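Chains, contacts and geometry: an overview
Residues per chain are reported as follows:
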Amino acid sequence: MSEQPTIVAISGSTRKESFNTKLLKIVARGAEAAGAKVTIVDLNDYPMPLFNEDLEKAEGLPKAAADLKALMAQHRGLIIASPEYNSSISPLLKNTIDWVSRKVAGEQPMMAYRGKIASLVAASPGAMGGLRGLVHVRAILQNIGVTVLPGQFAVSQAGQAFDESGNLKDAATQTKAENIGKELAEFLLRLAPAN
């Protein structure tokens with residue numbers, strides 16, 4: 001029997017009614033249904049200052065960044081739900097990625113990222129659903145050692161897409177979102193060593 005795959009799931013938005021956080025939870029449920037253990041991260045729990053090398057030199061890695069890095073290092077998979085800000089990613093998500101990428105003494109470079117397998121999703125009120133931002137997320141992750149699966153998913157017109165329970169109103173769209181998580185879990189299961 002293969003080892004249970006572990007996935008950390010991060011939304012690049014901390015807004016209370018975030019479309020991306022709602023979508024992230026749907027994708028995470030798909031991964032769990034396929035046998036993965038998913039840890040959903042709320043970036044409100046990991047407040048970090050704006051990345052600044054002078055601050056890093058004076059004070060070291062912020063505790064929140066160190067804690068998130070340690071958590072990510074314990075997981076093989078990564079799901080990111082990324083809002084689109086001006087055709088790119090949210091400042092919150094970029095700042096988080098940058099702080100967590102910082103190496104401290106005794107660590108391998110990019111220890112929280114290298115070797116990870118990731119899936120990307122986005123939700124946006126616009127017609128493209130955040131796809132333009134995912135291009136940038138993909139490029140950043142691939143450059144820091146993450147293998148990003150080719151399948152991705154975006155929900156357009158997100159303001160009307162979700163019901164009061166946080167599910168997608170359209171059943172076919174809900175299934176597509178769940179399948180992104182399922183595909184990641186199944187990919188990780190194929191990589192996992194047999195016990």
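Presented here is an overview of the structure given in this document.

Parameters at a glance
Residues numbered from 1 in each chain as written. Predicted model: local features only at pLDDT ≥ 70, side-chain atom pairs only at ≥ 80, totals over all residues. Heavy atoms only, no water. Helix = DSSP H or I, 4+ residues; strand = E, 2+ residues; numbered from the N terminus. Rg over C-alpha atoms; globule rule 2.2 N^0.38 Å. Buried < 20%, exposed > 50% of the residue type's maximum accessible area, 1.4 Å probe, protein only. Contact = heavy atoms within 4.5 Å. Areas by Shrake-Rupley, 256 points an atom, 1.4 Å probe, with all protein chains shown as cover. Axes fitted to C-alpha atoms, helices over the stretch in contact; angles between N-to-C directions. Parallel < 35°, antiparallel > 145°, perpendicular 65-115°, else oblique. Left-handed = near helix turned anticlockwise from the far one by under 90°. Nonpolar A, V, L, I, M, F, W, Y, C, P; charged D, E, K, R; others polar. Pairing = 2+ DSSP bridges. Core = buried A, V, L, I, M, F, W, Y, C linked by side-chain atoms within 4.5 Å. 1 Å grid on protein atoms, 1.4 Å probe; cavity = no way out; pocket = protein on both sides within 12 Å on 5 of 7 lines; lining within 4 Å. Points joined across faces, edges and corners; volume = space filled by probe spheres on them. Salt bridge = Lys/Arg side-chain N within 4 Å of Asp/Glu carboxyl O.

1. Things to note about the overall build of the protein
Summing up its helical and strand segments, the protein has 6 helices and 7 strands in all. When the elements of the protein are put in sequence order from the N terminus, they spell out β-α-β-α-α-β-β-β-α-β-α-β-α. Computed over the C-alpha atoms, the radius of gyration of the protein is 16 Å, within 12% of the 16 Å expected from 2.2 N^0.38 for a compact globule of 195 residues. For the C-alpha atoms alone, the extent of the protein along its principal axes is close to 50 × 45 × 25 Å. The burial tally for the protein puts 47% of its 195 residues in the buried class. The contacts in the protein between residues at least 6 apart in sequence include a share of 79% that link residues at least 24 apart. For the protein, the exposed area adds up to about 9800 Å²; of that, 51% sits on carbon and sulfur atoms.

2. What about the environment of Q160?
Among the secondary structure elements, Q160 is positioned in the loop between strand 7 (147–155) and helix 6 (171–191). Sequence spacing of Q160 and R102 is 58 residues, and the spatial spacing of their C-alpha atoms is 39 Å.

3. Re the packing of helix 1 (residues 19–33) against helix 6
For the pair helix 1 and helix 6, interaxial distance at closest approach is 6 Å and the crossing angle is 55 degrees. By the angle between their directions, the pair helix 1 and helix 6 is classed as oblique. The crossing of helix 1 and helix 6 is right-handed. Within the contact between the two elements, helix 1 uses L23, I26, V27, R29, G30 and A31 and helix 6 uses Q174, A177, E178, I180, G181, K182 and A185. A class-by-class count of the residues in the contact of helix 1 with helix 6 yields 7 nonpolar, 3 polar and 3 charged.

4. Details of the pairing of strand 6 (residues 117–123)
For strand 6, the tally of buried residues reaches 7 of 7 residues, placing the bulk of the element in the interior. Burial of the side chains of strand 6 extends over both faces: I117, S119, V121 and A123 are buried on one face and A118, L120 and A122 on the other. Sheet analysis places strand 3 (residues 77–81) next to strand 6, joined by 5 bridges and oriented parallel. Paired with I80 across the bridge in strand 6 is L120.

5. Some points on the nonpolar core
Nonpolar side chains tend toward joint burial in soluble globular proteins. Counting residues in each nonpolar core, the largest one holds 30 residues, and the members touching the most others are V41, M48, L68, M72, L78, Y113 and L141. Those elements that provide at least two residues to this core are strand 1 (6–11), helix 3 (63–73), strand 3, helix 4 (91–100), strand 6 and helix 5 (131–143). At 5 residues, the largest contribution of residues to this core is made by helix 3. Counting 29 residues, the second-largest nonpolar core is a separate cluster that includes A31, V121, L149 and F162.

6. Focus: the layout of surface pockets
There is about 160 Å³ of room inside the largest pocket. Lining the largest pocket we find S13, R15, S18, F19, N20, P83, E84, Y85, A123, S124 and P125. Within the residue set of the lining of the largest pocket, elements represented by two or more residues are helix 1 and strand 4 (84–85). Partitioned by chemical class, the residues of the lining of the largest pocket number 5 nonpolar, 4 polar and 2 charged.

7. Section: the pattern of salt bridges
Counted according to the given criterion, the structure contains 6 salt bridges. Taking the shortest distance from any N to any O, the salt bridge between E17 and K22 comes out at 3.4 Å. With a shortest N-O distance of 2.6 Å, E84 and R132 are connected by a salt bridge. A residue pair is termed long-range when its members are at least 10 positions apart, and E84 in strand 4 and R132 in helix 5 qualify at 48 residues.

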